[in-house]
Amino acid sequence: MNGATGTQVNTANGGGGEPVGVQIQQSRRLPDFLQSVNLKYVKLGYHYLISHLLTLCLIPVMAVILIEASQMNPDDIRQLWLHLQYNLVSVIICSAVLVFGSTVYIMTRPRPVYLIDYSCYKAPEHLKAPYERFMQHSRLTGDFDESSLEFQRKILERSGLGDETYVPEAMHQLPPQPSMQAAREEAEQVMFGALDKLFANTSVKPKKIGVLVVNCSLFNPTPSLSAMIVNKYKLRGNIRSFNLGGMGCSAGVIAVDLAKDMLQVHRNTYAVVVSTENITQNWYFGNKKSMLIPNCLFRVGGSAVLLSNKSVDRRRAKYKLVHVVRTHRGADDKAFRCVYQEQDDAGKTGVSLSKDLMAIAGGALKTNITTLGPLVLPISEQLLFFGSLIIKKIFNKHIKPYIPDFKLAFDHFCIHAGGRAVIDELEKNLQLTQVHVEASRMTLHRFGNTSSSSIWYELAYIEAKGRMKKGNKVWQIAFGSGFKCNSAVWQALRNVKPSPDGPWEDCIDRYPVKVVS
């Protein structure tokens, strides 16, 4: 439950009646990309492009061969046949080269990865935490002083969250009961709830799953969460299971990337990716301001995604995975510690957010999008972007580089609903419209920050609105502790309709709603 939230609040400590500076004064803004795009990050993207240069060069060669072949008449074909009859050695060599080349291509080409379906967990009504109830409950716990309560009130007012988000059962009790058993129950409710729905909608038997990847940042019991799923659904004994911990809100994309790599190795199988976060044992009961923000933003949620490398599944799949680009800034000490789980002076554990969080998130985002750009942008945009950087480097370092129009590459955007400020700044920096960020804003309003699963609630919103058409490309982008920024690009294989019992099924007609500033 850690990622970029981008919240700024100025308040006072009422403990002794004397105002003091709030411990957290984060910038609400990402760095201006027009002032700070670095040429070295573009090189990474062009490296990806050049690595596929051979395939790109073969396309025009094959086109020329086909054009020449289409222009041949029967006499030309007969003469070619007679020529080949008297050149047996040439025929054998050419055939051997053709067979060898075809075999190498077939064996080494990446296998397509299809997203058959996915599901998002929706908690029961009694777990809702409206604003007033949240504040009343925080006061009744007796753990927060007046300054901390006022701080949380201001965070909630500016957060963009609505009154229908969910917190776990243990947090509804007075006093709260954040036990290991309660945390296990929350994990089971979320993961099994999403998986039950996924298996029901796809009619895939659990025994057919060959790869299982589970990500949850802060709750990693023994046996692991992946083992809990194997036990519940009696998955087969040779399943390749992975449990990712401590990787923050962008771990959902990391889990998809790991599943994709496994599907390149293991033929004819299914992979399931489960993304969730556990709140029960990670609620902060102290008064350090930089640790209180997660309490106000993170809410119960989870997703389950079914992937396949079977060619026969293309006909029923919703999407095809096109690209995954991962950026890790952990080598930098500030980036490494900007989202950090620790104990406060009173010995209470929480996740601390650095005042440099938004600046670090902006740096990771720049690296990520300049790497992704050459893979997805039209050639015209790439030339303008690359040309402007060259001119800037040679002639005038004060010239603003050209920021490509990513709306030409993507039809839909799923920006991790980490916080209202992050969505605002990406909308501004990437020059997006309100429609492009609508799914992110409404997901934050309806479900809160559900960590790594938020990008799937956003995709479900787009589908529920009937906006996903065949051929559309969608960009999922998320931030996480460490510090990481990761992107996944999907292409719709058909006009995608929402799956039964989706998270927006009973409320999509009420959205979008106006979020009060």
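Residues numbered from 1 in each chain as written. Predicted model: local features only at pLDDT ≥ 70, side-chain atom pairs only at ≥ 80, totals over all residues. Heavy atoms only, no water.

Named according to an unreviewed UniProt entry, the protein chain is 3-ketoacyl-CoA synthase originating from Solanum lycopersicum. Its UniProt record, at the heading Pathway (unreviewed entry), says of the protein chain: "Lipid metabolism; fatty acid biosynthesis." UniProt, in its Subcellular location (unreviewed entry) section for the protein chain, records the words "Membrane". (UniProt positions renumbered as here; feature names shortened; annotations may be inferred.)

Asks: Where do I start with the overall build of the protein chain in this structure?
Replies: Helices and strands together make up the secondary structure of the protein chain, namely 18 helices and 11 strands. In the protein chain, which comprises 517 residues, the share counted as buried stands at 52%. Put simply, of all contacts in the protein chain between residues at least 6 apart along the chain, 81% involve residues at least 24 apart. By element, 57% of the accessible surface of the protein chain is carried by carbon and sulfur atoms, the whole surface being about 23,800 Å². (Helix = DSSP H or I, 4+ residues; strand = E, 2+ residues; numbered from the N terminus. Buried < 20%, exposed > 50% of the residue type's maximum accessible area, 1.4 Å probe, protein only. Contact = heavy atoms within 4.5 Å. Areas by Shrake-Rupley, 256 points an atom, 1.4 Å probe, with all protein chains shown as cover.)

Asks: Just to check I follow, could you spell out the packing of aromatic side chains for this structure?
Replies: Each aromatic ring pair is specified by the distance between its two centres and by the angle formed by the two planes. All chains considered together, the criterion is met by 16 aromatic pairs. When the ring of Phe-192 is compared with that of Tyr-233, the centres are 5.8 Å apart and the planes differ by 85°; the resulting orientation is edge-to-face. With a gap of 41 residues between them, Phe-192 in helix α9 (residues 180-202) and Tyr-233 in helix α10 (residues 225-233) connect regions that are remote in the sequence. Under the relative-accessibility criterion, Tyr-233 is labelled buried at 12%. Centre to centre, the rings of Tyr-461 and Trp-504 are 4.9 Å apart; their planes meet at 75°, and the pair counts as edge-to-face. (Phe/Tyr/Trp six-rings, centres within 6.5 Å; stacked < 30°, edge-to-face > 60°.)

Asks: What am I meant to see in unusual backbone geometry here?
Replies: Trans peptide bonds make up most of the peptide bonds, and negative phi angles are found at most residues other than glycine. Here the bond from Thr-222 into Pro-223 is cis, since omega is -5°, no more than 30 degrees from zero. Here Pro-223 is to be found in the loop between β2 (209-215) and α10. A cis amide bond links Gly-482 with the next residue in sequence, Phe-483, at an omega value of 10°. Looking at the secondary structure, you find Phe-483 in the loop between β10 (473-480) and β11 (484-492). With phi around 60°, Ser-203 is a residue other than glycine that occupies positive phi space. Taking the relative accessible area as the measure of exposure, Ser-203 reaches 65% and is therefore exposed.

Asks: In this structure, what is going on with the pairing of β2? I would like to understand it.
Replies: Most of β2 is tucked away: seven of the seven residues are buried. Pairing of β2 with strand β4 (residues 270-276), which is carried by six bridges, proceeds in the parallel orientation. Considered in β4, the bridge of Ile-209 is made with Tyr-270. Running through α10, the crossover from β2 to the neighbouring parallel element strand β3 (residues 240-244) is right-handed. (Pairing = 2+ DSSP bridges. Right-handed = clockwise from strand over helix to strand, strands pointing away.)

Asks: Can you walk me through the UniProt feature "active site" (unreviewed entry) in the protein chain in this structure?
Replies: As annotated by UniProt and renumbered to match this structure, "active site" (unreviewed entry) occupies Cys-249, His-328, His-412, His-416, His-445 and Asn-449. Among the polar contacts listed, one links the side chain of His-328 to the backbone nitrogen of Gly-330, at a separation of 3.0 Å. Turning to its location among the elements, His-416 is positioned in the loop between β9 (412-415) and α16 (420-429). For His-416, a relative accessible area of 0% gives the class buried. Setting aside anything within four residues of it in sequence, one finds His-416 in contact with Cys-249, Ile-423, Asn-449, Ser-451, Ser-454, Ile-455, Glu-458, Ile-477, Ala-478 and Phe-479. (Polar contact = N/O pair within 3.5 Å; in protein donor to acceptor, adjacent residues only side chain to side chain.)

Asks: Teacher, can you tell me more about the sheet that holds β3 here?
Replies: The strands making up a sheet associate through backbone hydrogen bonding, with each pair oriented either parallel or antiparallel. The nine strands lie next to each other as β3-β2-β4-β5-β1-β6-β11-β10-β9, forming an open sheet whose pairing is mixed. The strands lining the two open edges of the sheet, one partner per strand, are β3 and β9. The average angle at which neighbouring strand axes cross in this sheet is 20°, direction not considered. Packing of α10 onto the sheet brings it into contact with β2, β3 and β4, and relative to β2 it is tilted by some 140°. (Axes fitted to C-alpha atoms, helices over the stretch in contact; angles between N-to-C directions.)

Asks: Sorry, what's going on with the packing of helix α17 (residues 438-447) against helix α18 (residues 454-464) here?
Replies: At a closest axis distance of 9 Å, the pairing of α17 and α18 adopts a crossing angle of 115°. Relative to α18, α17 is oriented roughly perpendicular. As α17 packs across α18, the resulting crossing turns out to be right-handed. Residues Glu-438, Ala-439, Ser-440, Met-442, Thr-443 and Phe-447 of α17 pack against Ser-454, Tyr-457, Glu-458, Tyr-461 and Ile-462 of α18. Looking at the contact of α17 with α18 residue by residue, the class counts come to six nonpolar, three polar and two charged. (Parallel < 35°, antiparallel > 145°, perpendicular 65-115°, else oblique. Left-handed = near helix turned anticlockwise from the far one by under 90°. Nonpolar A, V, L, I, M, F, W, Y, C, P; charged D, E, K, R; others polar.)

Asks: Looking at this structure, how should I read the confidence of the model for the protein chain?
Replies: Across the protein chain, pLDDT averages 86, with 84% of residues at or above 70. Note that pLDDT drops below 50 for residues 7-27; the model gives that stretch 49 contacts with residues more than four away or on any other chain. (pLDDT = per-residue confidence, 0-100.)

Asks: Could you clarify how one ought to interpret the nonpolar core in this entry?
Replies: Counting residues in each nonpolar core, the largest one holds 135 residues, and the members touching the most others are Ile-229, Leu-307, Trp-456, Trp-475, Phe-483 and Trp-490. Excluding residues that lie within four positions of it along the chain, Leu-307 makes contacts with Val-113, Tyr-114, Leu-115, Ala-259, Leu-263, Thr-269, Tyr-270, Ala-271, Val-273 and Trp-490. (Core = buried A, V, L, I, M, F, W, Y, C linked by side-chain atoms within 4.5 Å.)

Asks: I tried to follow the side chain of Asn-449 on my own but got confused; where do I start?
Replies: Mapped onto the elements, Asn-449 comes out in the loop between α17 and α18. Separated by 2.8 Å, the side chain of Asn-449 and the backbone nitrogen of Ser-451 make a polar contact. Contact partners of Asn-449, with chain neighbours within four places excluded, come to Cys-249, Leu-297, Phe-298, Arg-299, His-416, Ala-417, Gly-418 and Leu-444.

Asks: Mind showing me how you'd approach the pairing of strand β5 (residues 302-308) here?
Replies: Looking along a regular strand, one sees the side chains alternate between the two faces of the sheet. Counted residue by residue, β5 has seven buried out of seven residues, so it is predominantly covered. With burial as the criterion, each face of β5 is covered, one bearing Gly-302, Ala-304, Leu-306 and Ser-308 and the other bearing Ser-303, Val-305 and Leu-307. Sheet analysis places strand β1 (residues 114-120) next to β5, joined by six bridges and oriented antiparallel. For Tyr-118, the partnering residue across the bridge sits in β5 and is Val-305. In this structure, β4 lies alongside β5, joined through seven bridges in antiparallel fashion.

Asks: Looking at this structure, how should I read the environment of Ala-187?
Replies: For Ala-187, the location among the structural elements is in helix α9. Residues in contact with Ala-187, not counting those within four places in the same chain, are Phe-192, Phe-219, Leu-225, Met-228 and Asn-278.

Asks: Help me understand the pattern of salt bridges in this model?
Replies: Side chains bearing opposite charge may pair, as long as their charged atoms lie close to each other. One pass over the full model with this rule turns up 20 salt bridges. Across the pair Asp-356 and Lys-355 runs a salt bridge whose closest N-O atoms are separated by 3.6 Å. In this structure Lys-355 comes out as exposed when scored by relative accessible area, which is 56%. Counted as one network, the salt bridges with shared partners bring together Glu-125, Lys-128, Glu-164 and Arg-510. (Salt bridge = Lys/Arg side-chain N within 4 Å of Asp/Glu carboxyl O.)

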